[in-house]
Amino acid sequence: MQEPMSVEGYDVLVKEFKFLLEVEKPKVAHEKLVAAALGDRSENADYQAAKEKLRHIDKRLFYLNSMMQKAQIIDPSRLSHERVSFGSSVRIVNLETDEEECFTICGVLESEPENALISVHSPLARALLGKKVDEQFKLQLPNGRKEYEILEIFYKNIFSLKKNIRTKEQFAFH
């Protein structure tokens, strides 16, 4: 199954993969060798810690590699957004309460639900995809069924909305 993501999202994925593979993994492998040279490995906390870090790095590399292989890179700025699609920002209104909300549909690794960036796989995004302005839709939520109407569909760059963009310092295992 392909995994939609923005160009910027894919770039961050590749940066993390390269950093872990080319910088972090060799550094931790060296730490492990230095610790192993100190003697008995079974009671060597530094050796055990480095070994554990390497395991975590390898798991993360495996995950990132699988996400890169499944990536379907989409440039949402090139889409019309007449209908809700990947990268669309959508302003909706709850028909019961008249409460308005705005969400942007993005990839799994780009999502920040707390900042209204929702995964394309979320129930709300799935209900919105393909809809037009003025269309109504129902959504079954744990606390009951809600009915909404789409007020506006527009494009705003996903990464301009993100608050938690990971950096090289955050890629490292401490």
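Conventions adopted
- Residues numbered from 1 in each chain as written.
- Predicted model: local features only at pLDDT ≥ 70, side-chain atom pairs only at ≥ 80, totals over all residues.
- Heavy atoms only, no water.
- Pairing = 2+ DSSP bridges.
- Helix = DSSP H or I, 4+ residues; strand = E, 2+ residues; numbered from the N terminus.
- Axes fitted to C-alpha atoms, helices over the stretch in contact; angles between N-to-C directions.
- Phe/Tyr/Trp six-rings, centres within 6.5 Å; stacked < 30°, edge-to-face > 60°.
- Buried < 20%, exposed > 50% of the residue type's maximum accessible area, 1.4 Å probe, protein only.
- Lys NZ or Arg CZ within 6 Å of the ring centre and 35° of its normal.
- Contact = heavy atoms within 4.5 Å.
- Expected span 1.5 Å × (residues − 1).
- Polar contact = N/O pair within 3.5 Å; in protein donor to acceptor, adjacent residues only side chain to side chain.

A.B. asks: Please set out the sheet that holds strand S6 (residues 136-141) residue by residue, giving values where relevant.
C.D. replies: Strand order across the open sheet formed by 5 strands is S5-S4-S3-S7-S6, with mixed pairing between neighbours. Every interior strand has two partners, whereas the edge strands, strand S5 (117-119) and S6, have only one. Direction aside, neighbouring strands of the sheet carry axes that sit 45° apart on average. Pairing between strand S3 (residues 88-94) and strand S7 (residues 144-155): 7 bridges, direction antiparallel. When the sheet's bridge partners are listed, Val90 is paired in S7 with Ile153.

A.B. asks: Just give me the short version of the packing of aromatic side chains, but keep the residues and values in it.
C.D. replies: The full count for this structure, using the stated rule, is 1 aromatic pair. With a centroid separation of 5.5 Å and an interplanar angle of 25°, the aromatic rings of Phe137 and Tyr148 are classed as stacked. Residue Phe137 is found in strand S6, and its partner Tyr148 is found in strand S7; the two are separated by 11 residues along the sequence. Each member of the pair, Phe137 as well as Tyr148, is classed as buried. Residue placement shows Lys162 over the ring face of Phe159; its charged tip is 5.7 Å from the ring centre.

A.B. asks: I'd like to hear about the environment of Tyr148, residue by residue, with values.
C.D. replies: Judged by its relative accessible area of 6%, Tyr148 falls in the buried class. For the pair Tyr148 and Val120, spaced 28 residues apart in the sequence, the C-alpha separation amounts to 18 Å. Tyr148 has contacts with Ile92, Val93, Asn94, Leu95, Glu101, Glu135, Gln136, Phe137, Leu139 and Leu141, leaving out every residue within four places of it along the chain.

A.B. asks: Any chance you could break down helix H2 (residues 45-70) for me, citing the residues and the numbers?
C.D. replies: Taking 1.5 Å per residue as the helical rise, H2 with its 26 residues ought to reach 38 Å, and the 38 Å between its terminal C-alpha atoms agrees with that figure. All buried positions along H2 are accounted for by Tyr47, Ala50, Lys53, Leu54, Ile57, Leu61, Leu64, Met67 and Met68. Residues of H2 that are buried sit in contact with strand S1 (3-6), helix H1 (7-36) and strand S2 (71-74). The opening residue of H2, the one whose side-chain oxygen lies 3.1 Å from the backbone nitrogen of Asp46, is Asn44.

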